[in-house]
Amino acid sequence: MKRLAILGSTGSIGTQTLDVLARHADRFQAVGLVANRSRDALFAQVRRFRPLMAGLTGDGFSMDDIPADLRFCRWVFGPEALSAIAGMPEADEALVAVVGMCGLESVLHALSCGKRVLLANKETLVAGGQLVMKAAAAAGENMLLPIDSEHSAIYQCLRAAQGNPYRRILLTCSGGPFRTWDRQRIDAATAREALKHPTWNMGNKITVDSATLFNKALEIIEAHYLFGAATERIQVVIHPQSVVHSAVEFFDGAVIAQLGTPDMRLPILYAMAYPDRLPTGGTPLDLFTVGELTFERPDAERFPSLRLAAECLQAGGAACCILNAANEEAVGSLLAGKITVGGLYRAVEETLRTLGPMPADTLAQVLAADARARDTARRIIQTGL
């Protein structure tokens, strides 16, 4: 029986995690659940799964908000709820599916407490990759498992390497709704157009990132840290069918790929059950129905996010943290109707240029870089793009 603390339990990844957990109730137990402000959804989960600890990170919550029938478990409130539940003694693993920089400190805390971390939070590795990988190495072997579908696929492919080096990581993406658009049309695109993802059903922030390919830029940075891959050994491949979730090319010319239907329950359950494989309850892949698989080379001119990721990795220090923070602020402004997609790209690039090199050797330095980047991005957006 594996005991899980689930951070972000009411979000898309969190709810799918609880779905597969319920399917395999003889193997998994939810001992901790955390949400931000989705109080009623969290209350329903607590009633069903009866964790030992639960928390709400949003402002203003207290025990006065907790119904009498839910006071059987320990409750924590505010930002500290994340680390409290990530490191709770009763948990074996912490699944971190919160959005934003709030995941970084809880991941570091979980690893320091000897918990295996199942990671579905991009910002953790993008902003604090060096710190996280150092903490994961200190915690032991296989103590950080990716849930992101692409990185889970790469992880699975590399299990077949048996110590042999690989030539390239082939990081796939659907191409999003702007895949065939020209640069001028992309620059003028609105939030409404960016939210029309052709394959995945995700939250607004991740969906916008998929449209701008910033999700792939962030995943390049994640792959760099997770797999020790130099930027030139990570090739982004546009694959509209979203059947090949990623692949690894070896020096003998072999390419090993992981295929499956677009269903996040597969990478979630793979990480939860590792090294075992359990049925997800999803629809298995039918290659005869798929018919054909196509692949395209990405265009860094139309999607400058890919170029910015490579430049930030080369720059080192807090550059990747600044990239992530500026993008988050710009996405918020896009969703609010203040800027277009072109304005988003310009805001991120101008923030990087304005701040220049910053250190990222400690958690305090990473958080300071994140705060400065957000302030700078907001000021740049307010002055007009």
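Use the structure listed above.
Calculation rules
Residues numbered from 1 in each chain as written. Predicted model: local features only at pLDDT ≥ 70, side-chain atom pairs only at ≥ 80, totals over all residues. Heavy atoms only, no water. 1 Å grid on protein atoms, 1.4 Å probe; cavity = no way out; pocket = protein on both sides within 12 Å on 5 of 7 lines; lining within 4 Å. Points joined across faces, edges and corners; volume = space filled by probe spheres on them. Helix = DSSP H or I, 4+ residues; strand = E, 2+ residues; numbered from the N terminus. Nonpolar A, V, L, I, M, F, W, Y, C, P; charged D, E, K, R; others polar. Buried < 20%, exposed > 50% of the residue type's maximum accessible area, 1.4 Å probe, protein only. Expected span 1.5 Å × (residues − 1). Pairing = 2+ DSSP bridges. Axes fitted to C-alpha atoms, helices over the stretch in contact; angles between N-to-C directions. Contact = heavy atoms within 4.5 Å. Phe/Tyr/Trp six-rings, centres within 6.5 Å; stacked < 30°, edge-to-face > 60°. Lys NZ or Arg CZ within 6 Å of the ring centre and 35° of its normal.

K.L.:
Please explain empty space enclosed by the protein as it appears in this structure.
P.N.:
This model, assessed by the stated rule, comprises two cavities of 30 Å³ or more. Quantified by volume, the largest cavity comes out at close to 60 Å³. Lining the largest cavity are 13 residues, and of these Ala127, Gly129, Tyr225, Gly317 and Ala360 sit closest to its centre. For the lining of the largest cavity, the elements supplying multiple residues, two or more each, are helix 5 (122-139) and helix 14 (319-335). For the lining of the largest cavity, the leading source of residues is helix 5, giving six residues. Residue composition of the lining of the largest cavity, by class: nine nonpolar, four polar and no charged. Lining the second largest cavity, in full, are Ser149, Ser152, Gln156, His245, Gln258, Thr261, Asp263, Leu266 and Pro267.

K.L.:
Quick question: what am I supposed to make of unusual backbone geometry here?
P.N.:
It is generally the case that most residues other than glycine have a negative phi and that most peptide bonds are trans. That bond from Tyr274 to Pro275 is cis: its omega, 5°, falls within 30 degrees of zero. The residue Pro275 is located in the loop between helix 11 (265-273) and helix 12 (287-290) in this model. Although it is not a glycine, Arg50 sits at a positive phi angle of roughly 50°. You can see Arg50 is positioned in the loop between helix 2 (39-49) and strand 3 (53-56). Judged by its relative accessible area of 47%, Arg50 is partly exposed. Residues other than glycine seldom take positive phi values, yet Ser242 does so here, at roughly 55°. The topology assignment puts Ser242 in the loop between strand 9 (234-238) and strand 10 (244-250).

K.L.:
What am I meant to see in helix 14 here?
P.N.:
What sets the pattern is the α-helix's 3.6 residues per turn: residues three or four places apart point alike. In a regular helix each residue adds 1.5 Å, so 17 residues correspond to 24 Å; helix 14 covers 24 Å between its end C-alpha atoms and thus fits that length. Looking at the residues trailing helix 14, positive phi occurs at Gly337, about 80°.

K.L.:
Would you explain the sheet that holds strand 4 (residues 74-77) in this entry?
P.N.:
Remark on secondary structure: sheet strands pair via backbone hydrogen bonds, oriented parallel or antiparallel. Within the open sheet, the seven strands sit side by side as 4-3-2-1-5-6-7. Their pairing is parallel. At either margin of the open sheet sits one strand with a lone partner, and together these are strand 4 and strand 7 (144-146). Between one strand axis and the next, the sheet turns by 20° as a mean value, whatever way the strands run. Pairing between strand 1 (residues 2-7) and strand 5 (residues 93-96): four bridges, direction parallel. For Ala5, the partnering residue across the bridge sits in strand 5 and is Ala94. Its contacts with the sheet put helix 2 on strand 2 (28-35), strand 3 and strand 4, and the angle it makes with strand 2 is roughly 160°.

K.L.:
Looking at this structure, I do not really get the packing of aromatic side chains. What am I missing?
P.N.:
Enumeration over the complete set of coordinates arrives at six aromatic pairs. An angle of 85° between the planes, with centres 5.9 Å apart, marks the rings of Phe43 and Trp75 as edge-to-face. In this pair, Phe43 sits in helix 2 while Trp75 sits in strand 4, placing the two residues 32 residues apart along the sequence. Given a relative accessible area of 5%, Phe43 falls into the buried group. For Trp75, a relative accessible area of 10% translates into the label buried. Among the aromatic residues, those joined into a cluster by ring pairs are Phe43, Trp75 and Phe77. Above the face of the Phe72 ring, Arg50 is positioned so that its terminal group lies 3.8 Å from the ring centre. Arg185 extends its terminal NZ or CZ atom over the ring of Trp181, reaching a point 3.7 Å from the ring centre.

These values are about where atoms sit, not about what they do.
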